[in-house]
Amino acid sequence: MTSVPSAESVAEFADRARVWLADNMPRIDPASPPAAPRDDERSWQRARELQKRLYAGGFAGICFPREYGGLGLDYEYQRAFDEASFSYEMPLILNTPTFTICCATLLDTGSEAQKKQHIWAALRGDEVLVQLLSEPSGGSDLAGVITRAERQGDRWVINGAKTWSTSAFAADYGLCLARTDWDVPKHDGLTMFLVPIAHPGITLRRITQVNGSAEFCEEFLDGVDVGDDAVVGEVNAGWAVASRQLYHERRAVGQGSEFASGSGSEGGHTIPVDYAGLAAKTGQADNERVKEMAGRALVHRAVAEQLIDHVYRSVRDGALPPAAGTLIRLFHAETVTLEVDTALSIAGSAGVVGQYGDGLQTGFRYLSRQSVAIGGGTTEMARNVIGERVLNFPREYTADRGVPFNQVRHGQAR
Ligand SMILES: Cc1cc2nc3c(=O)[nH]c(=O)nc-3n(C[C@H](O)[C@H](O)[C@H](O)COP(=O)(O)OP(=O)(O)OC[C@H]3O[C@@H](n4cnc5c(N)ncnc54)[C@H](O)[C@@H]3O)c2cc1C
């Protein structure tokens, strides 16, 4: 890896990045980036290959510490690189969850050996990491997971089921939350494990979504044995790790993580709606109401972008608690929902029957727009977090607080 010249200014760094990008990365039209469907194995191979180039060129992991393979630079350098790399093909699908959530969590809570091994491997393009949190019994009550890990000799043996694991089929390791003590209240008996996805005890199945994508996976863990080196943080202190993971996830989903690299849209899926184009194609270019609706959505987008920086700085400077990352997660979901609803209102029936070319694309987007209000914890849970941990409202009542988990009723008919 090329080392960063000491005391290089942001502008100098950006200049050097521009030269390197031109020589080493494929140029693209950012308005129509190459397709990189997340449910296709080839997209992941390509992303790993591009990541290897970034690493070799000394532009991987700009905000990760140098001792774990990164550059140890401030967010401003990452932003400058994002701007410089906008017209180049970047391994964007590695950002979430690998870098922004899993590596960020390992950085905060992992052992030295785990950080050196896994963060470094991910930055080199050798490892993809995913999250094994949600279970068939529910995802919002994460502390209520019932996948169990039991001590057998000097190994941990994990049994249970996980679901909605984004891109697990393409991954090497998953951060898996399991219950290691059933005699204590739910938050106190959890442990986080780094589980190899290729373990013979894991049966992985793809889930096909309403839009046809098969990116989500479900995993059945049957006697998955791992050693103590797989424990992230402390045994029975997995909630602290999971909380950190949720913190990073909310910032990542809200597009506010300093560990994401590259700002283009992933294979065209997140390209902002072209309201003017849509209005023109549907013969409504002069319609005042359409202009008003589009304007409202565009203002929301502008505010969302400003909010990212404001919250990042406020959390960094201690003016807001870490839970405030949820503000950008919530506002991002509101923004995307408004954007897609606005686009469908403008497209009208063209969004269903595919008239005027772009119309059907709008309809497809509408089909999956609910995912932004669920992924990374639901919008309802985000509002709870903001109410309780940012605004300090009283906590909502929970019947299982302080009750040993083996006495809590779950998944049973009442
Ligand atoms: C795009 C996307 C990516 C995802 N990626 C992953 C992943 O990689 N790994 C992973 O483990 N999971 C992943 N998930 C799963 C996600 O974390 C869960 O879907 C989410 O936490 C909600 O859990 P659930 O679907 O089981 O709904 P439930 O928890 O069953 O909730 C059902 C409804 O009840 C509401 N609700 C529940 N509790 C409360 C409460 N206390 N107050 C108010 N309302 C409440 C919820 O808001 C929701 O509307 C992903 C989901 C999506 C959409």
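What you see as residue numbers is a count from 1 along each chain, following the sequence as written. Confidence filtering applies because this is a predicted model: local features only for residues at pLDDT of at least 70, side-chain atom pairs given and counted only at 80 or more, and all residues used for totals across whole chains, interfaces and linings. Neither water nor hydrogens contribute to the side-chain values; these are computed over all heavy atoms in the structure.

Let us look at the domain arrangement of the chain. Where each domain begins and ends is defined by an automated method or by a domain database. One can read the domain layout of the chain as domain 1 (10–127), domain 2 (130–248) and domain 3 (272–391). Its C-alpha centre places domain 1 at a distance of 26 Å from the equivalent point of domain 3.

Residues enter a nonpolar core if they are buried and are Ala, Val, Leu, Ile, Met, Phe, Trp, Tyr or Cys, with the set joined through side-chain atoms within 4.5 Å. Exposure classes here rest on a 1.4 Å probe applied to the protein chains alone. A residue is buried below 20% of its type maximum, exposed above 50%, and partly exposed in between. Core analysis: the largest hydrophobic core is formed by 72 residues, its most contacted members being F81, I158 and F193. Considering each element in turn, this core owes the most residues, six residues, to helix α4 (residues 95–109). No fewer than three residues from each of domain 1 (10–127) and domain 2 (130–248) sit in this core. Ignoring sequence-local partners within four residues, the contact set of F81 consists of F13, A17, L21, L54, F59, I62, M90 and S261. Membership of the second largest hydrophobic core comes to 14 residues, among which are Y75, A323, I328 and V385. Under the scheme used here, helices are H or I runs from DSSP no shorter than 4 residues and strands are E runs no shorter than 2 residues, and both carry numbers assigned from the N terminus. Here, two residues are considered to be in contact whenever any of their heavy atoms come within 4.5 Å of each other.

The criterion for an aromatic pair is that two Phe, Tyr or Trp rings (for Trp, the six-membered ring) have centres within 6.5 Å, with stacked assigned to planes under 30 degrees apart, edge-to-face to planes over 60 apart and tilted to the rest. Counting across every chain of the model gives ten aromatic pairs. Of the aromatic side chains, those joined through ring pairs into one cluster are F13, W20, F59, Y77 and F81. For R79, the ring lying beneath its charged end belongs to Y75, and the centroid distance is 4.3 Å. For R179, the ring lying beneath its charged end belongs to W182, and the centroid distance is 5.7 Å. In our convention, an over-ring charge means Lys NZ or Arg CZ found within 6 Å of a ring centre and within 35 degrees of that ring's normal.

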